[in-house]
Amino acid sequence: MIDTPAQKHSRVPTWLRVLIPAVLILIWFAAFGAGGASFGSLSKLSVNDQSQFLPASAEATEVAALQEEFRDAETIPAIVVVATDDGTDLDDAQLAAVDELRSAFADVPGVVDDEVSPAIASEDGEAVEIVVPIESGDGAERASVVVGELRAAVDDAPIEGATVAVAGPAGFSADIAGAFSGIDGLLLAVALAAVFVILIVVYRSPLLPLIVLFTSMSALCAAVLTVVSLARADVIVLSGQTQGILFILVIGAATDYALLYIARYRETLARYERKWDATWAALRGSWEPIVASGGTVIVGLLILLVSELNSNKTLGPIAAIGIVFALLSALTLLPALLLWAGRAAFWPRRIAHGGDAAEPAHGVHAAGVLHEASAPDERDLPDRGLWAGVGRLVSRRPRTVWIVSVLALAGMSLGLAQLDADGVPSSEFVLGESQARDGQAMIGEHFPAGSGTPAVIVGPEDELQEMADVALATPGVDSVSVVSADSPSGSAPVTEDGVQAFGPPGTPAPAPTVVDGRVLLQATLSDASDSLEAEATVAALRTALDEVGSDVLVGGQTAVALDTNDAAIADRNLVIPLVLAAILVILMLLLRSIVAPLILIGSVVLSFTAALGVSALVFEHVFHFPGADPSVPLFGFVFLVALGVDYNIFLMTRVREESMQFGTRTGIIRGLRLTGGVITSAGLVLAATFAALGVLPILFLVQISFIVAFGVLLDTFLVRTLLVPALAYDLGRVIWWPSKLARRAE
């Protein structure tokens, strides 16, 4: 007599069945506690300065290193601008108040007091600006604190009839830091709340959602502990945007994997009397598609290591670490907790053993295949319900379904013509209120817009005049000065007649500061230093100065933005083909086929272009965004393709197993019906978690949030539900070519 699954019992001793889950739970509890205590360190270790993410080979990076030799301390400038409200000239009382304000700035800790510039009046007499150098050796966080104190000083001494703003690079850094301040609390709260609501709707159980959320948070805590340790050891560079993506990716992925395991566990509880046997059966039935899914995401993320930008390069391993812990928690902690809870986890629903009147499991047969018994026959699949209806639609009109789906996605892709991903001014990084952005607008009204953040030119001492002449002849350059320790202001203007003197006639011109035979020129730009027009000026300046000599380099804030955009575009062109190739190979190995993986890759690429096209239209005509960073399409692609393939993996691994027993076309419909509920739930969870990124007022994250959330929904409800099953059904067994399954009769 052959034992049924219900009659089989594990030979594992009772003490071991108690010890294994207990040890796993204790280990994860320890990771939860240690990682939770490390959350506060993330913000302290985060770097949001663009220059820190440039490769060492970038011209702006070389200039930044040379620039340090020309100054006594590493500083970042804040520009304080004061302008009258009614457009009249500043009167004596207002100018006196400005002088008092300047003195107050010099007394703020962290300000290089002897380098604070005098009040520089605009030509129209309606405004003045003060350049306040801030020590940046302690990082951007310290500079942001100093900017906060400068703004507090302004608030404490308002100037009647005038508006005062603290802008410049330091001001923008402070505004960005403020925007990221909600990343530890608000972002997590919104993401967890969204997931909790979805889980309550899916399971209608009070305990199971808490178990899933604890599993996801344990994975996140373990990932945070690892990332913080690596950041402290200077192995990786952490940024605010990477931190936000890590949070969302871990919570979303861990919850998705948990949903797939729970669907299997719920099924096995109905087939096995003992919880231990049900747990092992669930693990054997679900680990392969879960690991394949997570492995695909990890490979896609690690390909970012070939990037030039350090921000892209570090996101890869940081996010991959998060996915690793999401996998581990879903395959160790979750089974241990559900083994402890057993059928009570699903209360008030009753999961009865055997043929009792148990309720049908949500997402039954969701992923993988039970190896202890054959798959259920057709009678086990209900004739009614959403997925039965979808299955009938696909089987009756497969060609119509996939052609209409392709046309719909292609139509959405037309929005790519509206995509503007060539970079945005740093003043637009923060959505909503930004004092630095308002201050930059005031500067542009009354001064050369690039005041305080000039382009930096480093070159040979004997080429000083020629470099200055080329710079002055370049459209977009307003004026040129040279760093001079002999000048009271630290620099001296350079005109076509040479270095100019300060003071009465006959005053000798100050000598330029020379370091290792080089001088440092500062070219004030006519446009705001963070604008695309300023980047074009710097590009033209570099081209013109190449004629002077190959050892003449151009850097500064604008050059950093220019080099960052160029590197981001190069990364996008390199990484996307590599990710596609890697995932294609993984799918071929997993499905033992060439045709099916090509269908899956084509479908997710089309889904990505559709999501990006719709996003471009929404960004342009609904949100009125000023553009997008070149990294936005890259990150959107990596996440959408890797995560979109996930759902196709869950579907097609089940389809393959069903096809081996029932034939290809029947297997396709069965796989679709058996995976429909749980994969849809997983898609909703992942879309909701990425949508939570939108609560942070950072343009980059809001755009990534929309692209990925919309793309995941598109994959879940159109690509995985209609396009892939219909096209596979239309092609039939040829999708498994060249495996033996392609030669089996339907």
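Scroll up for the structure.
A short tour of the structure in this document, coming up. Since this is a predicted model, take the numbers as computed values, not measurements.

1. Comments concerning the overall build of the protein
Piece 1. If you tally the helices and strands in the protein, you get 20 helices and 10 strands.
Piece 2. Dimensions of the protein, computed from the C-alpha atoms along their principal axes, are close to 115 × 50 × 50 Å.
Piece 3. Counting all 746 residues of the protein, 57% fall into the buried class.
Piece 4. Taking all contacts inside the protein whose residues are at least 6 apart in sequence as the whole, residues at least 24 apart take part in 81%.
Piece 5. A total of about 29300 Å² of accessible surface is found on the protein, and carbon and sulfur atoms cover 59% of it.
Piece 6. For the protein, the distance from the average position of its 41 positive side-chain charges to the average position of its 80 negative side-chain charges is 34 Å.

2. Some thoughts on helix α13 (residues 435-446)
Every α-helix winds through 3.6 residues per turn, so residues three or four apart in the chain are directed the same way.
Piece 1. The end-to-end C-alpha distance of α13, which contains 12 residues, comes to 17 Å, matching closely the 16 Å that a straight helix rising 1.5 Å per residue would cover.
Piece 2. Turning to α13, its buried residues are A436, R437, G439, Q440, M442, I443 and H446.

3. Observations concerning the sheet that holds strand β8 (residues 498-499)
Piece 1. Read across the sheet, six strands follow the order β8-β7-β6-β9-β5-β10 without closing on themselves; strand pairing throughout is antiparallel. Of all the strands in the sheet, just β8 and β10 (553-555) have a single pairing partner and so form its edges.
Piece 2. Both strand β6 (residues 477-483) and strand β7 (residues 491-495) contribute to a ladder of four bridges, which runs antiparallel. Considered in β7, the bridge of V483 is made with S491.
Piece 3. The strands touched by helix α14 (residues 464-472) are β5 (455-460), β6, β7, β8 and β9 (518-525); relative to β7, the strand with the most contacts, the crossing angle is about 70°.

4. Side note on the environment of P448
Piece 1. By secondary structure assignment, the location of P448 is in the loop between α13 and β5.
Piece 2. The contacts of P448, once residues within four sequence positions are left out, are I443, D478, T524, L525 and S526.

5. Notes on the sheet that holds strand β4 (residues 162-167)
Piece 1. Strand order in the open sheet formed by four strands is β2-β3-β1-β4, with antiparallel pairing between adjacent strands. Strand pairing shows two members of the sheet lacking a second neighbour, β2 (120-121) and β4, which therefore form its edges.
Piece 2. The pairing of β2 with strand β3 (residues 127-135) spans two bridges and is antiparallel. Residue pairing across strands places A121 opposite V128, the latter belonging to β3.
Piece 3. Seen against the sheet, helix α3 (residues 92-106) touches β1 (75-84), β3 and β4 and runs at an angle of roughly 0° to β3.
Piece 4. Here helix α5 (residues 168-179) sits on the sheet in contact with β1, β3 and β4, set at roughly 95° to β1.

6. Digging into the pattern of salt bridges
Piece 1. Under the criterion given, the structure shown has eight salt bridges.
Piece 2. Between D175 and R151 there is a salt bridge; the shortest N-O distance is 2.9 Å. In this pair, D175 sits in helix α5 while R151 sits in helix α4 (residues 140-156), placing the two residues 24 residues apart along the sequence. As far as the burial class goes, D175 and R151 line up, both buried.

7. Some points on the side chain of R264
Piece 1. Structurally, the position occupied by R264 is in helix α8 (residues 240-269).
Piece 2. For R264, the side chain forms a polar contact with the side chain of E267, separated by 2.7 Å.

8. As for the packing of helix α7 (residues 207-232) against α8
Piece 1. As a packed pair, α7 and α8 sit with axes 9 Å apart at the nearest point and diverge in direction by 140°. In terms of orientation, α7 and α8 fall into the oblique class. Of the two possible hands of crossing, α7 and α8 adopt the one that is right-handed. Only L246, F247, V250, I251, A254, T255, A258 and I262 of α8 make contact with α7, whose side of the interface consists of L208, V212, S216, A219, L220, A223, V224 and V227.
Piece 2. The residue inventory of the contact of α7 with α8, partitioned by class, reads 14 nonpolar, two polar and no charged.

9. Things to note about unusual backbone geometry
Piece 1. For the bond running from W347 to P348, omega is 10°, close enough to zero to count as cis.
Piece 2. A cis amide bond links W737 with the next residue in sequence, P738, at an omega value of 10°.
Piece 3. Relative to the assigned elements, P738 resides in the segment after α20 (699-731).
Piece 4. Its identity is not glycine, yet R204 carries a phi of approximately 50°, on the positive side.
Piece 5. Structurally, the position occupied by R204 is in the loop between α6 (186-203) and α7.

10. Comments concerning a negative patch on the surface
Piece 1. A cluster of like negative charges, contributed by D107, D113, D114, E115 and E135, occupies part of the molecular surface.
Piece 2. Within the element layout of this structure, E115 appears in the loop between α3 and β2.
Piece 3. Classification of E115 by relative accessible area gives partly exposed; the value is 38%.

11. Section: the packing of helix α17 (residues 595-621) against helix α18 (residues 631-662)
Piece 1. At a closest axis distance of 9 Å, the pairing of α17 and α18 adopts a crossing angle of 135°. Comparing their axes, α18 and α17 come out oblique. Helix-helix and strand crossings are classified by hand; for α17 and α18 the assignment is right-handed. Between α17 and α18, the contacting residues are L600, S603, V604, F608, A611 and L612 on the first element and P633, G636, F637, L640, V641, G644, V645, N648 and M652 on the second.
Piece 2. Classifying every residue of the contact of α17 with α18 by side-chain character gives 11 nonpolar, four polar and no charged.

12. With respect to the packing of aromatic side chains
Piece 1. Counted under the stated rule, the structure contains 16 aromatic pairs.
Piece 2. On the numbers, 5.1 Å between centres and 40° between planes, the contact of F29 with F214 is tilted. With a gap of 185 residues between them, F29 in helix α1 (residues 14-45) and F214 in helix α7 connect regions that are remote in the sequence.
Piece 3. Ring centres of F623 and F625 lie 5.3 Å apart, and the angle between their planes is 35°; this geometry places the pair in the tilted category.
Piece 4. With relative accessibility at 39%, the residue F623 sits in the partly exposed group.
Piece 5. For F625, a relative accessible area of 12% translates into the label buried.
Piece 6. Taken together, the ring pairs in this structure connect F619, F623, F625, F706 and F710 into an aromatic cluster.
Piece 7. Geometry around Y729 places R665 over its ring, the cationic atom sitting 5.6 Å from the centre.
Piece 8. Over the aromatic face of F662 sits the side chain of R670, whose NZ or CZ is 4.0 Å from the ring centroid.

Reading the values: the criteria
Residues numbered from 1 in each chain as written. Predicted model: local features only at pLDDT ≥ 70, side-chain atom pairs only at ≥ 80, totals over all residues. Heavy atoms only, no water. Helix = DSSP H or I, 4+ residues; strand = E, 2+ residues; numbered from the N terminus. Buried < 20%, exposed > 50% of the residue type's maximum accessible area, 1.4 Å probe, protein only. Contact = heavy atoms within 4.5 Å. Areas by Shrake-Rupley, 256 points an atom, 1.4 Å probe, with all protein chains shown as cover. Lys, Arg positive; Asp, Glu negative; His and termini not counted. Charge placed at Lys NZ, Arg CZ, Asp CG, Glu CD. Expected span 1.5 Å × (residues − 1). Pairing = 2+ DSSP bridges. Axes fitted to C-alpha atoms, helices over the stretch in contact; angles between N-to-C directions. Salt bridge = Lys/Arg side-chain N within 4 Å of Asp/Glu carboxyl O. Polar contact = N/O pair within 3.5 Å; in protein donor to acceptor, adjacent residues only side chain to side chain. Parallel < 35°, antiparallel > 145°, perpendicular 65-115°, else oblique. Left-handed = near helix turned anticlockwise from the far one by under 90°. Nonpolar A, V, L, I, M, F, W, Y, C, P; charged D, E, K, R; others polar. Patch = residues over 30% accessible without salt bridge, like charges linked within 9 Å, V, L, I, M, F, W, Y side chains within 5 Å. Phe/Tyr/Trp six-rings, centres within 6.5 Å; stacked < 30°, edge-to-face > 60°. Lys NZ or Arg CZ within 6 Å of the ring centre and 35° of its normal.

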